[in-house]
Amino acid sequence: MINVVASRYAEALFQIGEEENSSNILYKELNEVLEAINSSDELKKALRSPLVAKQEKKNLLNIVFSEQISNNVKNFLKIVVDKDRVVCLDEIRDSYKELMNEKNNILEGKAISAIAMSETELNELQTKLSSKYNKNVVLENIVDETILGGVLVRLGNEEIDGTVKTRLSNLRDQLSQVIS
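Nothing here was measured: the structure is a model prediction, and the numbers come from that model.

Parameters at a glance
- Residues numbered from 1 in each chain as written.
- Predicted model: local features only at pLDDT ≥ 70, side-chain atom pairs only at ≥ 80, totals over all residues.
- Heavy atoms only, no water.
- 1 Å grid on protein atoms, 1.4 Å probe; cavity = no way out; pocket = protein on both sides within 12 Å on 5 of 7 lines; lining within 4 Å.
- Points joined across faces, edges and corners; volume = space filled by probe spheres on them.
- Helix = DSSP H or I, 4+ residues; strand = E, 2+ residues; numbered from the N terminus.
- Nonpolar A, V, L, I, M, F, W, Y, C, P; charged D, E, K, R; others polar.
- Phe/Tyr/Trp six-rings, centres within 6.5 Å; stacked < 30°, edge-to-face > 60°.
- Buried < 20%, exposed > 50% of the residue type's maximum accessible area, 1.4 Å probe, protein only.
- Pairing = 2+ DSSP bridges.
- Arc of directions from axis to C-beta.
- Contact = heavy atoms within 4.5 Å.
- Polar contact = N/O pair within 3.5 Å; in protein donor to acceptor, adjacent residues only side chain to side chain.
- Axes fitted to C-alpha atoms, helices over the stretch in contact; angles between N-to-C directions.
- Parallel < 35°, antiparallel > 145°, perpendicular 65-115°, else oblique.
- Left-handed = near helix turned anticlockwise from the far one by under 90°.
- Salt bridge = Lys/Arg side-chain N within 4 Å of Asp/Glu carboxyl O.

## Here's the deal with empty space enclosed by the protein
- For the structure shown, the criterion picks out three cavities of 30 Å³ or more.
- When its volume is computed, the largest cavity comes out at roughly 50 Å³.
- Lining of the largest cavity is provided by Lys 58, Leu 61, Asn 62, Phe 65, Ile 69, Lys 74, Leu 77 and Lys 78.
- Here the second largest cavity is characterised by a volume of approximately 40 Å³.
- In this structure, the second largest cavity is lined by Leu 34, Ile 37, Asn 38, Arg 48, Val 86, Leu 89 and Asp 90.
- Put simply, the parts of the chain that give the lining of the second largest cavity at least two residues each are α2 (23-39) and α6 (89-103).
- Per-element tally for the lining of the second largest cavity: the top contributor is α2, with three residues.
- Split into classes, the residues belonging to the lining of the second largest cavity amount to four nonpolar, one polar and two charged.

Right, dumping it as structure tokens:
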């Protein structure tokens, strides 16, 4: 669940992106910044440490990302540092992604299956779900051998369970009710 603070920061950055018609670029830059921070333990510790002065953190960000990101993202990161919200950056990115998906009428989800789905199967499932939800559904296929067969689809808070494991469990429950 994305917190209120993260969503407010994401909305502010998203509005800037919308005004300048660069919301996709800002998301890409924010994502690159987070990948770099999360891949370096030293950088992450320095940015999150209360012992490092805010100005030092801003200088560090400026040195590391001087040529890679736009002034909008640089200024945004400075505000995040000033307000001690560096720990919220992952959630801010997730909230920003939700805003972009909402704008572009995209619904992201997961299709969990016992074996990897082919590209054709995944595309067919996405097409069917897109027409059902009247949105562009984008699914990530995750393999989980414990479900035996079928597909479990998770879209936001909704779950469509077409797995063999669930069907067998339901059949067992029905049989136990009949027998007892």
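## As for the packing of aromatic side chains
- What the rule picks out here adds up to three aromatic pairs.
- A centroid spacing of 6.4 Å and a plane angle of 75° characterise the contact between Tyr 9 and Phe 76, whose relative ring orientation is edge-to-face. Placement of the pair is Tyr 9 in helix α1 (residues 4-19) and Phe 76 in helix α5 (residues 71-82), with a sequence separation of 67 residues. Each of the two residues, Tyr 9 as well as Phe 76, counts as buried.
- Where Phe 14 meets Tyr 96, the ring centres are 5.5 Å apart and the plane angle is 75°; that geometry is what we call edge-to-face.

## Thoughts on the pairing of strand β4 (residues 158-163)
- Pairing analysis gives six bridges linking strand β3 (residues 150-155) to β4, with the strands arranged antiparallel. What sits directly across from Val 151, in β4, is Gly 162.

## What to know about helix α4 (residues 54-64)
- Buried within α4 are the following residues: Lys 57, Lys 58 and Leu 61. Mapping the buried residues of α4 onto a view down its axis gives an arc of 100°, with all of them on the same face.
- Where α4 is buried, its residues meet α3 (41-48) and α5.

## Regarding the side chain of Ser 49
- One can find Ser 49 in the loop between α3 and α4.
- Overall, the relative accessible area of 16% leaves Ser 49 in the buried class.
- At a separation of 3.1 Å, a polar atom in the side chain of Ser 49 contacts the main-chain amide nitrogen of Leu 51.

## Things to note about the packing of α2 against α5
- One can describe the packing of α2 onto α5 by two numbers: an axis separation of 10 Å at closest approach and a directional angle of 50°. When the axis of α2 is compared with that of α5, the two are oblique. For the pair α2 and α5, the sense of crossing is right-handed. Listed contacts from α5 to Leu 26, Glu 29, Leu 30 and Val 33 of α2 are Asn 72, Val 73, Phe 76 and Leu 77.

## Notes on the pattern of salt bridges
- Using the criterion set out here, one finds nine salt bridges in the structure.
- Taking the shortest distance from any N to any O, the salt bridge between Asp 82 and Lys 58 comes out at 2.8 Å. Of this pair, Asp 82 sits in helix α5 while Lys 58 sits in helix α4, and the two are 24 residues apart along the sequence.
- Relative accessible area serves as the criterion here: at 35%, Asp 82 is assigned to the partly exposed category.
- With a closest N to O distance of 3.7 Å, Lys 110 and Glu 140 form a salt bridge. Here Lys 110 is found in strand β1 (residues 106-113), whereas its partner Glu 140 is found in strand β2 (residues 136-143), with 30 residues between them in sequence.
- On the accessibility criterion, Glu 140 (43% relative accessible area) is partly exposed.
- Connected via shared salt-bridge partners are Asp 90, Arg 93 and Asp 94.

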